Amino acid sequence: MFESLKKKFSGTIGKLSDKLSSEEEAEETRQEEVPGETKETSPETTETFEKLEKIEEPSTEEKELETEEPPAEEKESETGVRGRLSGIFSREKKEEKVEEKVEEEPAETPEEPEEEEKSGMFSFVTKKTISEKDVDDILFELEMSLLESDVAMEVAEKIINSVKEDLVGRKIRRRSDVAEFTRDALKKAISEILGVETKDLKEMADKAQKSGEPLKIMFVGINGTGKTTTIAKVATYLINEGYTPVIAAADTFRAGAIEQITHHAENIGVKIIKHKKGADPAAVAYDAVEHAKAKGKEIVLIDTAGRMQTNVNLMDEMKKIKRVVKPDLIIYVGDSLTGNDAVEQASKFDEAVGVDGIVLTKADADAKGGAALSIGYVINKPIMFLGVGQSYEDIMEFKPEWMVDQLV
């Protein structure tokens, strides 16, 4: 199940890994070519060496001065200490002239660019920082894909923004780092989406049992979502957990609905409380609660008429059941195959009577997974169960971590 979403998330991980690794290979190739270029002597360096050679070679005038013999008197006077001092000062002056010429035209040492190149040669291989430019296009593609899979707009935006925030600025060393960081970012984003505080049905049942009052659960939803069958599945789940439920056939709007829920109740061996067609649904629900109290049964499961969320009269009838029975839990039953419609319907029921939890039916046939990912986040209510087959046993408690593992 949820194959479409899983494929899209896997594709995003692969695309980011391919993009960043191809950039790394291109950078490595470019950096490897740089040292070979530095072997050739640049024109500036050649010119500098020529200048230094000219400085070291004495000029014609200096040669003439060196070869010219001083007068005899000067020769005699420059003997001894005085002559030695004079020779020292003349050499210092020549050295100063050479230094001045060198200072006027400083030579560029060829070692400096080589050192700079060496320090940057493997910098990308060692560490690269992920930028927004690296991820923007691919994450935009993912967002469009999520919308195509019936993921609600606000949920898709939340996932994309969360992943981008986690990836941008991360430093990677190898291709596997990209895949690991992206997978972790997606898991975190999906966990936050599914992280609505859930309700423990067994804990609630135990608490109600201690108080002497049965746990009252009211099921709502539109026609065709599998609501009646879901009630039978939840009853089976509770029986397997050691509880004794009773079912209230409070959908008196259709005669066929009473017959259907009666058939399911008999198949699983659960007591059903029913009135004739057209009876007051609130009265049926009330009688079921009184029966549970009298017989010491821990849980009452109340069926209601399947109705469109826009039917005001039937919505008012459902509100009356809520006022009379005061259910501890109102569960919306939605068809996961309807995608965004299920999310919209859940929102309307939540506005009308208040929804505490969600059961999504036909999850085993849902390849997209948009409803399962979106519905809890949009109405801020937990998914409690998933219908995953046709038999009464085919219902599973929903665990957010399980769905994260299914998707990433």
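Our structure is the block above this text.
Quick caveat: nothing in here was measured; it's all calculated off a predicted structure. The residue numbers shown here count from 1 along each chain, following its written sequence. Reporting of local features is limited, given that this is a predicted model, to residues whose pLDDT is at least 70; pairs of side-chain atoms are given and counted only at 80 or more, and all residues count toward the totals for whole chains, interfaces and linings. Based on all heavy atoms of the structure, the side-chain values leave hydrogens and waters out of the count.

Considerations on the overall build of the protein
Heads up, the rule is: Only DSSP runs of H or I reaching four residues or more are called helices, and only runs of E reaching two or more are called strands; each is numbered from the N terminus. Relative accessible area decides the class of each residue, using a 1.4 Å probe on protein chains only: under 20% of the type maximum gives buried, over 50% gives exposed, and in between gives partly exposed. We call two residues in contact whenever any of their non-hydrogen atoms come within 4.5 Å of each other. Computed with the Shrake-Rupley method and a 1.4 Å probe, the accessible areas treat only the protein chains shown as cover for residues.
Of regular secondary structure, the protein possesses 18 helices and 10 strands. For the protein, the proportion of its 408 residues judged to be buried stands at 41%. For the protein, the share of sequence-separated contacts (at least 6 apart) that also reach a separation of at least 24 residues comes to 79%. A total of about 22300 Å² of accessible surface is found on the protein, and carbon and sulfur atoms cover 48% of it.

Details of the packing of helix 14 (residues 281-295) against helix 15 (residues 312-325)
This is how the line gets drawn: Simply put, an axis is a line fit to the C-alpha atoms, just over the touching stretch for a helix, and the angle between two N-to-C directions goes from 0 to 180 degrees. An angle below 35 degrees is treated as roughly parallel, one above 145 as roughly antiparallel, one from 65 to 115 as roughly perpendicular, and anything else as oblique. Take the far helix as your reference; a near helix turned counterclockwise from it by less than a right angle gives a left-handed crossing, and one turned clockwise gives a right-handed crossing. Charged residues are taken to be Asp, Glu, Lys and Arg, nonpolar residues to be Ala, Val, Leu, Ile, Met, Phe, Trp, Tyr, Cys and Pro, and polar residues to be all remaining types, Gly included.
Across the interface, helix 14 lies against helix 15 with an axial gap of 8 Å and an inter-helix angle of 30 degrees. Judged by the inter-axis angle, helix 14 sits roughly parallel to helix 15. Classified by chirality, the crossing of helix 15 by helix 14 is right-handed. Of helix 15, the residues touching helix 14 (which contributes Pro281, Ala282, Ala285, Tyr286 and Val289) are Glu317, Lys320, Ile321, Val324 and Val325. The residue makeup of the contact of helix 14 with helix 15, split by class, is eight nonpolar, no polar and two charged.

Re the pairing of strand 7 (residues 329-335)
To keep it simple, the criterion reads: Strands are treated as partners if at least two bridges between them are detected by DSSP. For the handedness criterion, the strands are oriented away from the viewer, and a crossover whose path from the first strand over the helix to the second runs clockwise is classed as right-handed.
Burial of strand 7 is extensive: seven of the seven residues sit out of reach of the surface. Both faces of strand 7 are covered, namely the face carrying Leu329, Ile331, Val333 and Asp335 and the face carrying Ile330, Tyr332 and Gly334. By the bridge criterion, four bridges tie strand 3 (residues 215-220) to strand 7 in an arrangement that is parallel. Looking across to strand 7, one finds that Ile217 is bridged to Leu329. Where strand 7 and strand 8 (residues 357-361) come together, five bridges link them in parallel fashion. Directly across from Val333, in strand 8, lies its bridge partner Val359. Between the parallel pair strand 7 and strand 8, the chain is carried across by helix 16 (residues 340-352), and the sense of this crossover is right-handed.

A closer look at the packing of aromatic side chains
This is how the line gets drawn: Here is the rule: rings of Phe, Tyr and Trp (six-membered ring for Trp) pair when centre to centre is within 6.5 Å. Planes less than 30 degrees apart are stacked, more than 60 are edge-to-face, and the remainder are tilted.
Applying the stated criterion across every chain yields a total of three aromatic pairs. Centroid distance Phe2 to Trp402: 6.2 Å. Interplanar angle 70 degrees. Geometry classified as edge-to-face. One end of the pair, Phe2, is in the segment before helix 1 (3-37); the other, Trp402, is in helix 18 (residues 400-407), and 400 residues separate them in sequence. Residue class for Phe2 comes out buried when judged on its relative accessible area of 0%.

Quick look at the environment of Ala282
Along the polypeptide, Ala282 turns up in helix 14. Along the primary structure Ala282 and Ile302 are separated by 20 residues, whereas in three dimensions their C-alpha atoms are 9.9 Å apart. Those residues in contact with Ala282 that sit more than four places away from it in its chain are Lys320, Ile321 and Val324.

Brief notes about the pattern of salt bridges
Our working definition: Between Lys or Arg on one side and Asp or Glu on the other, a salt bridge is scored when a side-chain nitrogen of the former is within 4 Å of a carboxyl oxygen of the latter.
Going through the model one piece at a time under the given rule, you end up with 16 salt bridges. Glu241 is the salt-bridge partner of Lys202, the closest N and O atoms lying 3.7 Å from each other. One end of the pair, Lys202, is in helix 11 (residues 201-211); the other, Glu241, is in the loop between helix 12 (227-240) and strand 4 (245-249), with 39 residues separating them in the sequence. Judged by its relative accessible area of 36%, Glu241 falls in the partly exposed class. A salt bridge links Lys216 to Asp328, with the nearest nitrogen and oxygen atoms 3.8 Å apart.

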